[in-house]
Structures are given as C-alpha cells and as structure tokens.
Amino acid sequence: MTPPLWSDSQDARRLLVRQRISWSAAKSGYEALEKVAVKVLLVGDFTVKVQYNPARIVSSGAKTDAQSVRDRRCFLCPPNLAPEQEALPMGEDYLLLCNPFPIFAEHFTIASRHHVEQRIYARFADLLKASRQLSDFTLFYNGPQCGASAPDHLHFQAVTGSYMPIDNEIPLFKGEPFIENVHGKISLLTGYMRNGFIIESATEEGCCFLFTHIYNVLPIPEGDAEPRMNLFCRYTQAGGWIVALISRTAHRPRQYCTQGSGHILTAPGAADIGGVFITALEEDFEKITPALLCDIYSQIAFSDSDIRLLAERACESPLSGRF
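Rules used throughout
Residues numbered from 1 in each chain as written. Predicted model: local features only at pLDDT ≥ 70, side-chain atom pairs only at ≥ 80, totals over all residues. Heavy atoms only, no water. Salt bridge = Lys/Arg side-chain N within 4 Å of Asp/Glu carboxyl O. Helix = DSSP H or I, 4+ residues; strand = E, 2+ residues; numbered from the N terminus. Buried < 20%, exposed > 50% of the residue type's maximum accessible area, 1.4 Å probe, protein only. Arc of directions from axis to C-beta. Contact = heavy atoms within 4.5 Å. Axes fitted to C-alpha atoms, helices over the stretch in contact; angles between N-to-C directions. Parallel < 35°, antiparallel > 145°, perpendicular 65-115°, else oblique. Nonpolar A, V, L, I, M, F, W, Y, C, P; charged D, E, K, R; others polar.

Under the definition given, this model contains 14 salt bridges. We note a salt bridge from Arg13 to Asp136, for which the minimum N-O separation is 2.7 Å. A residue pair is termed long-range when its members are at least 10 positions apart, and Arg13 in helix H1 (residues 9–22) and Asp136 in the loop between helix H5 (124–133) and strand S6 (137–142) qualify at 123 residues. The partly exposed category is assigned to Asp136, whose relative accessible area is 33%. As a salt-bridge pair, Lys174 and Glu200 come within 3.1 Å of each other at their nearest N and O atoms.

What follows covers helix H10 (residues 290–300). Considered for burial, the residues of H10 that qualify are Leu292, Leu293, Ile296, Tyr297, Gln299 and Ile300. With its buried residues spanning 160° around the axis, H10 presents them on a single face. On its buried face, H10 is in contact with strand S1 (37–43), strand S2 (46–52), strand S12 (241–247), helix H8 (270–273), strand S13 (276–279) and helix H9 (282–287).

Attention now moves to the environment of Pro89. Among the structural elements, Pro89 can be located in strand S3 (residues 88–90). Judged by relative accessible area, which is 23%, Pro89 ranks as partly exposed. Each C-alpha atom, one on Pro89 and one on Asn195, is 34 Å from the other, the two residues being 106 residues apart in sequence. Discounting residues that sit within four places of it in the chain, Pro89 has contacts with Leu5, Trp6, Ser7, Tyr94, Leu95 and Arg113.

Turning next to the packing of H1 against helix H2 (residues 24–33). Where H1 meets H2, the closest approach of the two axes is 5 Å, and the angle between their N-to-C directions is 105°. In terms of their interaxial angle, H1 and H2 are classed as roughly perpendicular. When H1 is examined against H2, the residues Leu16, Gln19, Arg20 and Ser22 are found in contact with a partner set consisting of Ser24, Ala26, Lys27, Tyr30 and Glu31. Of the residues in the contact of H1 with H2, the class split is 3 nonpolar, 3 polar and 3 charged.

So this is what it looks like as structure tokens:
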C-alpha cells in the first residue's frame, strides 16, 4: 500500500506563491495584509502586536452559535472550497489550504477531509505529526469556544514561525518543571496574563501522554464538549516538540457585548492569545492600550493562582495518559 502523502514547509510555501497568482481571494487577502497598520505595545514584561486588519471582520464578527453554524455552508468541506483553491495532502485525513484572510505573511489552514467537529482530544497526535512536517511554522488550535470560526469542522492553522511573541517569550515566563519523567516534562506558564502549561517531549507518544494528563484535570464548562484552550505547537530544531496549552475561562470579554464607546469587536483566538491582537475596526485599533489588553486577557484566561491550583491537581492525579 502506498503511504499517505505529507506536504512539508517548502510545499506549503510553493502553494502560497501559486495561490497568490491563481486565486483572486488569496491575492487580495495578502495584498491587503501588506497594508495593515500594526502598533507594538509593551504590556508589563511582554509584547503585543496590535493589528488593524479590516478583512478579519469575517472572522471577528462570525456567528458561531449552533443555529448560525447549521445555517451556513461549511467553508472547509472539500466540496465547498472555491474552484481556484488548491489543496495539498497532509496524510490521509487532512488537507493543507491557504487562508485567504491572512493574519500572517504565511497563513495556512490544515482542515480535516471530513466534516467532524472541532475537538482535540483524539486528534492531538495529528497536530504533532503536522507540526513535524511543517517545522518552519508554528501550528495552533482554537477550541470551539476559543476563537474557532468553524467549530463544526476540525482544523488547525500553520503560521509564520517566531512572528507571534509567544514563540519567543515562552522561555522568559516558563517555570521549572512540576512534572518530569520518561515522557518529558510539564512546566507552568505564569505572569503572562495568558497562563497555562508548557509540554516538552522528544517523542510523539510522550507528548500525547503528558497532554492527556493535563487535559484530564482541566475544567469543562457546562454545555461544552472539551476544556477551553488554545494550543501552540512547534517541532524544534533539536527534535521533539514544545507545546503551549493556554487554558481559557471565557470565549469573549465583556467588551464584545458592551454598547457604545466601550464596545470592542473581539473574539480572541490563538493569534490574539499568542500576542498578535487583531482589530477589524479602526476605532478599536485606536482605543487598544496596554491596560485594556490586560483587562481583556484577565477575563478570558486563568489567573496565576488558579493555574497553579490546576498544576497541583495534576501533580496529585495518577499519570493517566492514553498512550
């Protein structure tokens, strides 16, 4: 049997070059990205790049309630892709697609070939495999209540490596490992306003084991199918993986529903959590300050003390990974 084909970083870059020529939506999206305004804010000891990107109103303003999702055609299902949109194979189960509404100079979607819901528990190993193939990029996952504009269709995203501040700031905010064994190690990410856990392992099996252990101690809000989280995954030059799991307490901050001058159109996803904060409206871009970012992050992420309590729970629980 012929093994499944896996595209790599160079295949992805060649796809982007072709699509910017052959697909008008991609061409327009990347031309618009070159003109976006960016301001860099120092928030305490970390950096946030605030981007004014009007094209992202499609995502920031997307209705992701169950009825709205049912009423629209899924834009990630292969039969619904634009005629000009190319798709490269990522193993048997996924396709690599150019994102026509980019946030990054290189922005791809890795979408399931099948219409299955956005759930990470049984698909975490797939994220690791894809990150190894696309080792020049950072891959991320938006939970269904954590920024995913297609919560009904499983997908990851691959973006320009080291552009998100989180890629470079993890070593500055990562504590000493609180779990370390033959599988790898887990450390706390605190003092970062988007607190969570750093998983490091030299093997896919070890990384899956440690992820499952943390997953099992995270709270699942009533009505949700999984703990709220964003994931950031890199395959390192030394071999092995480093994964940041940022636990979430809320989908959107109160500013999303506030009327009048206090309103901000934001549904923070992994990019925003990673330090590239997207604004689709110019008025929001102008009003974003370090203090406002701190307020927004504090509403949607766990505090230092709460994330430490989860770490204590993980230490007290028997190691119980699936792998």
